[in-house]
Amino acid sequence: MGNTANSRASRIVAVMVSIVFIGAILVPVTANILKINPEVPLQESDTNPMPSFSMDFPTVGQVIYKLRRNWLDRNFGLRRVLVRWEQLLDVRVLKASMPWDPVLAGNDDWLYLAQENPQLNVVNDWRVTVPLTPGQLDIWVNIFRTRRDWLAEKGIRYMVVVAPNKVSIYPDYIPKRFTKARPFNKMDQMVQALTSAGIDVVDLRPALREARANGTAFYRTDSHWTPFGAFFAYQEIASRLQKYFPNLKPAPLSDYAVGERPGLKGGLAGMIAMSDIYTENVVTMEPLSPRKARETTGREAGLNEFQPLSIYENEDASLPRTVVLRDSFVHEVIPFLAEHFSRMVFVWPFPTDAVHVRGFKPQIILDEKPDIVIDEFVERYFTQPPPPSALPMEQ
Amino acid sequence: MVFSSASFLFYFLPLVLLLYYVGASTLKIRNTLLLAASFVFYAWGEGAYTIVMAISILANFWFGLWVHNAHRTSSAKLQIGLAIAFNITLLVVFKYTNFIVDNLNHFGVIPLGLQPIDVGKVHLPIGVSFFTFHCISYLMDIYRRQTPPNASLGQLALYIALFPQLVAGPIVRYKDIASQLSGRTVTVERFAYGVQRFVTGLGKKVLIANVVALPADKIFAVPADQLTTSVAWLGVLYYTLQIYFDFSGYSDMAIGLAHMFGFKFLENFNYPYISRNIREFWRRWHISLSTWYRDYLYIPLGGNRCSNARVTFNLVLVFFLCGLWHGASWSFIIWGLFHGFFLGLERTRFGAWMDKAWSPLAHAYTMLVVMVGWVFFRAENLDQATAFLKAMAGLGTGTGMEWHPGLFINPKVAIVLVLAVVGSAPVIPWLAAWRTRMLERTGSFFYGPFVDALTGLVAMPSILLLSCMALASGTHNPFIYFQF
């Protein structure tokens, strides 16, 4: 082929390269205009929602502010499709999932919560790269001791309940190279320190290991325990409550029909946009006799609370009353435990983070006058180093 | 706004290209449009601090005329001195105030038992180091009578604020671009070349630098007492590749964008990691900065035409200031002095000996110096740098139980690592030269348009798609060089 023909062909290629590039960078806007928005099973929160547009100065200012604060970067056309493709490439093709990602894809399609926020990495916690120091343990003991003593002055008992991290019960699906750095972990340290200080701590790890031995204790594609696992947790909590309430008898497993049905939307699978690939059945626990406890009206969530304050009541007024400071793990336990209390008030304060200790809600406790306060944490919030502002009681 | 963001790639760039090629019919309108776009680009991130750049442009427009007019009656030394003092003051106020005050407090005020000085946190406007150096280049070129001042405020503003080079360079000399401000053309071949340079740079930044940045960041976050030799070296290796692909990727994007709008910037990198010595490294690394220092500081100080001692002093001074330019901290100063020391050393018999040394030994020496230097550059402070260097020297206290290399590598990182190491060598220029030779010899379609199509219509779209996927998915996107 001659030089002239080659030059002409190269020019055609240059035209095509330019067209392809301009076409490619116009695709997202075109998709927005034409409202092309394929369904992607991606679970994410919108931390920067755009206000409804109106031509007043404050709104226009707010819109410009939002645009400058990465709104366009999180809302361009087909973004969710691209996120999905990147996750497929990284997790499924290249097997590049790492503990510094929000979700660690383990062996046999087991997913683990990993980097929850900049300060909290669940996998590193499990590896125990940095154990709690004696000083940090002292601060935590002091916080829980103060809570216990404050309640004791009012004649109220106090029990701390810790739901294990999934990785504590199912460590064997973590890839082998993520080795444990120490033979103990921070949960061991905390439980030992609090027990030594005379604080009633319920470590649910043995109960969940028993659940695992008998069935599915945690979901493979979610960070939470199954109702089956929750039932074993309930039995352990109820057994430990017996020392305060001798009439409280845990229900046996035979009171329930354990089953499965398809359709679990695993939170961890959603976080990596693959809930259609990481599928799993919902575990069900159907009671074989009617429930006595009923949910009554709650109230709106207050400052530093996640969800409405929910209340369960039982007609038998002789049963004890309790306030439960909870997180998401209590959800599956409620149907079992509510049968044993005449009134059960659930409060969901924000979890411990790098700045705050989880709230204790003294006013609600004073209003409710419970027989016992149950302070439930999942392990990953229970074993955080105390924030510098840690105070013994909510101010 | 950064180039490797959806807001730039999918909104800003298409809109500016559309307005430039469809909506603007004359060069004057196109220049005005590019200037307006550049201010939007800057204000998008810096908001009210855009006024700092605007003041700098206005002042330097006037300084340029002042220096030029002063030449009629004098040497204009006073005028150029005051004009440069203004620019340096601007840089010092916004970039070094906190560093100066902190050191004054630490070494003077507090030991004397006085109340520490508190000036609050001074905001560092992005790119202030770059546009200040652009302005000084403009003034110096006028002072040296190498170019007349630009009589158009708009054209000068466009030179200083032109968005492809505004926030992270390259540092474009005024005399190199002056004629392009008043006349330029873009052919379709040139536009396509610009596209390919831009996409190549985007890929270098997003698909290589960002991937190795993650494990690098994790390793540099390992507590000092848990560092092991292997992990520390792995961290420095990652960072060595990250900073090169990040910054050279940005320069590629800037050069590519410039071509799309008809400008031609000089190259900023030339495979620095194949250097045989530190002198060569600085001829290949951040070329626009090293030549700026050479032409506006090193040569005026006497350059190589003085005694050995004076030349060494000049080198150390230049690299002290080079380190300080990169950031207001002792780590950057030490990094600069470290390089200055080796440049001085290479002027002794050691340099002559290294020049004749076995090639792998010379490369190993250069990379060792460069990588050790990067530890100062990357570390949060001198304590961390020291701990890191101790670990690299085998004196770390880590047991390997907490952190071992296997924790920082996966198949993706491994693939990228290989690509990065190979890409640090001039493999593509070798292939391009071979292809040109074959084309000249055979005239074959295969070595001509076919290869063009393969790169432009297969490789580039693939890189663009993979980059967009990574951009959509990732949040780790700050350019290292934005802080300078």
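What counts and how
Residues numbered from 1 in each chain as written. Chains lettered and ligands numbered in written order. Predicted model: local features only at pLDDT ≥ 70, side-chain atom pairs only at ≥ 80, totals over all residues. Heavy atoms only, no water. Helix = DSSP H or I, 4+ residues; strand = E, 2+ residues; numbered from the N terminus. Buried < 20%, exposed > 50% of the residue type's maximum accessible area, 1.4 Å probe, protein only. Lys, Arg positive; Asp, Glu negative; His and termini not counted. Salt bridge = Lys/Arg side-chain N within 4 Å of Asp/Glu carboxyl O. Polar contact = N/O pair within 3.5 Å; in protein donor to acceptor, adjacent residues only side chain to side chain. Contact = heavy atoms within 4.5 Å. Axes fitted to C-alpha atoms, helices over the stretch in contact; angles between N-to-C directions. Parallel < 35°, antiparallel > 145°, perpendicular 65-115°, else oblique. Left-handed = near helix turned anticlockwise from the far one by under 90°. Nonpolar A, V, L, I, M, F, W, Y, C, P; charged D, E, K, R; others polar. pLDDT = per-residue confidence, 0-100. Bend = angle between axes of the 7 residues up to and from the residue. 1 Å grid on protein atoms, 1.4 Å probe; cavity = no way out; pocket = protein on both sides within 12 Å on 5 of 7 lines; lining within 4 Å. Points joined across faces, edges and corners; volume = space filled by probe spheres on them. Buried area = accessible area lost by both parts, 1.4 Å probe. Expected span 1.5 Å × (residues − 1). Pairing = 2+ DSSP bridges. Phe/Tyr/Trp six-rings, centres within 6.5 Å; stacked < 30°, edge-to-face > 60°. Lys NZ or Arg CZ within 6 Å of the ring centre and 35° of its normal.

Participant: Describe in detail the side chain of A:Asp222, supporting the description with residues and values.
Facilitator: All names here are of chain A. In this structure, aspartate 222 sits in the loop between helix 8 (205-214) and helix 9 (227-241). Although aspartate 222 is buried, it makes no salt bridge; lysine 166 carries the closest opposite charge, 7.0 Å away. Among the polar contacts made by the side chain of aspartate 222, one reaches the side chain of histidine 224 at a distance of 2.7 Å. Within polar-contact distance, the side chain of aspartate 222 engages the backbone nitrogen of glycine 267 at 2.7 Å. If near-sequence neighbours (up to four positions away) are discounted, aspartate 222 is found in contact with Lys166, Lys265, Gly266, Gly267 and Leu268.

Participant: Which residues make up the pattern of salt bridges, and what are the values?
Facilitator: Counted according to the given criterion, the structure contains 32 salt bridges over all chains. Its salt-bridge partner being A:Glu86, residue B:Lys412 comes within 3.3 Å of it at the nearest N-O pair. Taken as a pair, B:Lys412 in helix 18 (residues 411-423) and A:Glu86 in helix 3 (residues 79-93) lie in two separate chains rather than in one. Both residues of the pair, B:Lys412 and A:Glu86, count as buried. One salt bridge connects A:Arg182 with B:Glu402, and the closest N-O pair in it is separated by 2.7 Å. With A:Arg182 in the loop between helix 6 (166-169) and helix 7 (186-196) and B:Glu402 in the loop between helix 17 (382-392) and helix 18, this residue pair bridges two chains.

Participant: How would you sum up the packing of helix 1 (residues 3-33) of chain A against helix 9 (residues 188-220) of chain B? Please name residues and give values.
Facilitator: It is the contact of helix 1 of chain A with helix 9 of chain B, at a shortest axis distance of 8 Å, that shows an interaxial angle of 50 degrees. It follows that helix 1 of chain A is oblique to helix 9 of chain B by the angle criterion. Remark: the crossing between helix 1 of chain A and helix 9 of chain B carries left-handed chirality. Contacts between helix 1 of chain A and helix 9 of chain B involve A:Arg11, A:Ala14, A:Val15, A:Val17, A:Ser18, A:Phe21 and A:Ile22 on the former and, on the latter, B:Val188, B:Glu189, B:Phe191, B:Ala192, B:Val195, B:Gln196, B:Phe198 and B:Val199. Its residues assigned to classes, the contact of helix 1 of chain A with helix 9 of chain B comprises 11 nonpolar, two polar and two charged.

Participant: Which residues make up the confidence of the model for chain B, and what values go with them?
Facilitator: Residues of chain B with pLDDT of at least 70 account for 98%, and the chain-wide mean is 93. Confidence over residues 476-484 of chain B falls short of pLDDT 50; this stretch has 49 contacts with residues more than four positions distant or in other chains.

Participant: How would you summarise helix 1 (residues 6-23) of chain B if you had to cite specific residues and measurements?
Facilitator: If you look at helix 1 of chain B, its biggest bend is around 35 degrees, right at B:Phe12, and the proline B:Pro14 turns up within four residues after that. The set of residues buried in helix 1 of chain B consists of B:Ala6, B:Ser7, B:Phe8, B:Leu9, B:Phe10, B:Tyr11, B:Phe12, B:Leu13, B:Pro14, B:Val16, B:Leu17 and B:Tyr20.

Participant: An account of empty space enclosed by the protein is requested, with residue identities and associated values reported.
Facilitator: Residue and element names in this part refer to chain A. Scanning the entire structure with this criterion turns up four cavities of 30 Å³ or more. Estimated volume of the largest cavity: approximately 110 Å³. Lining the largest cavity are 13 residues, and of these Ile237, Val330, Val333, Leu337 and Glu376 sit closest to its centre. Contributions of two or more residues to the lining of the largest cavity are made by helix 11 (334-337) and strand 13 (372-378). Broken down by class, the residue content of the lining of the largest cavity amounts to 12 nonpolar, no polar and one charged. The wall of the second largest cavity is formed by Tyr112, Leu113, Val122, Asn165, Lys166, Val167, Ser223 and Arg380. Within the residue set of the lining of the second largest cavity, elements represented by two or more residues are strand 2 (111-113) and helix 6. Of the residues contributing to the lining of the second largest cavity, the split by class is four nonpolar, two polar and two charged.

Participant: Please set out unusual backbone geometry residue by residue, giving values where relevant.
Facilitator: Residue and element names in this part refer to chain A. Non-glycine residue aspartate 109 carries a positive phi angle of around 65 degrees. With respect to the helices and strands, aspartate 109 occurs in the loop between strand 1 (103-105) and strand 2. When its relative accessible area of 30% is taken as the criterion, aspartate 109 is described as partly exposed. Positive phi is not limited to glycine here, since lysine 361 has a value of about 55 degrees. With respect to the helices, strands and loops of the structure, lysine 361 is situated in the loop between strand 12 (343-347) and helix 12 (362-368). A relative accessible area of 9% places lysine 361 in the buried class.

Participant: Got a sec to walk through the interface of chain A and chain B? Specific residues and values, please.
Facilitator: Contacts between chain A and chain B engage 51 residues on the former and 57 residues on the latter. Both faces combined, the contact of chain A with chain B buries some 4500 Å², and carbon together with sulfur accounts for 69% of it. Note that A:Arg11 is salt-bridged to B:Glu189, the shortest N-O span being 3.3 Å. Between chain A and chain B we count 19 residue pairs in polar contact (both at pLDDT 80 or more) in total. Top element by residues in the side of chain A that touches chain B is helix 1 of chain A. It accounts for 19 residues.

Participant: An account of helix 10 (residues 229-260) of chain B is needed here, citing residue identities and associated values.
Facilitator: The periodicity of an α-helix, 3.6 residues per turn, causes residues three or four places apart in sequence to face the same way. Residues and elements named next belong to chain B. With 32 residues, helix 10 extends 46 Å from end C-alpha to end C-alpha; this agrees with the ideal 46 Å at 1.5 Å per step. By the criterion of burial, helix 10 is predominantly enclosed, with 28 of the 32 residues buried. Directly after helix 10, the chain includes glycine 262, whose backbone phi takes a positive value near 90 degrees.

Participant: Quick one: what's the story with the sheet that holds strand 10 (residues 309-313) of chain A, residue by residue and with numbers?
Facilitator: Residue and element names in this part refer to chain A. Read across the open sheet, the seven strands follow the order 6-5-13-11-12-10-9; overall the sheet is mixed. Bordering the open sheet on either side are strand 6 (201-203) and strand 9 (294-299), each of which pairs with just one other strand. For this sheet, the mean inter-axis angle between neighbouring strands, taken without regard to orientation, is 20 degrees. Both strand 11 (residues 321-325) and strand 13 contribute to a ladder of four bridges, which runs parallel. Its bridge partner being in strand 13, valine 323 is matched across the sheet by valine 373.

Participant: Go over the packing of aromatic side chains, please, and point to the residues and values.
Facilitator: In this structure the tally under the stated criterion is 79 aromatic pairs over all chains. An angle of 40 degrees between the planes, with centres 6.1 Å apart, marks the rings of A:Trp140 and A:Phe144 as tilted. Highlighted residues: A:Trp140 and A:Phe144, both in helix 5 (residues 134-153), separated by four residues, approximately one helical turn. Here A:Trp140 and A:Phe144 have matching classes, each one buried. Ring centres of B:Phe133 and B:Trp292 lie 3.8 Å apart, and the angle between their planes is 15 degrees; this geometry places the pair in the stacked category. Residue B:Phe133 is found in helix 5 (residues 128-143), and its partner B:Trp292 is found in helix 12 (residues 287-298); the two are separated by 159 residues along the sequence. Pair check on accessibility: B:Phe133 and B:Trp292 agree, each one buried. Above the ring of B:Trp403, the side-chain terminus of A:Arg127 is found at 5.4 Å from the ring centroid. Lying over the aromatic face of B:Tyr20, B:Arg30 brings its terminal NZ or CZ to 4.8 Å of the ring centre.

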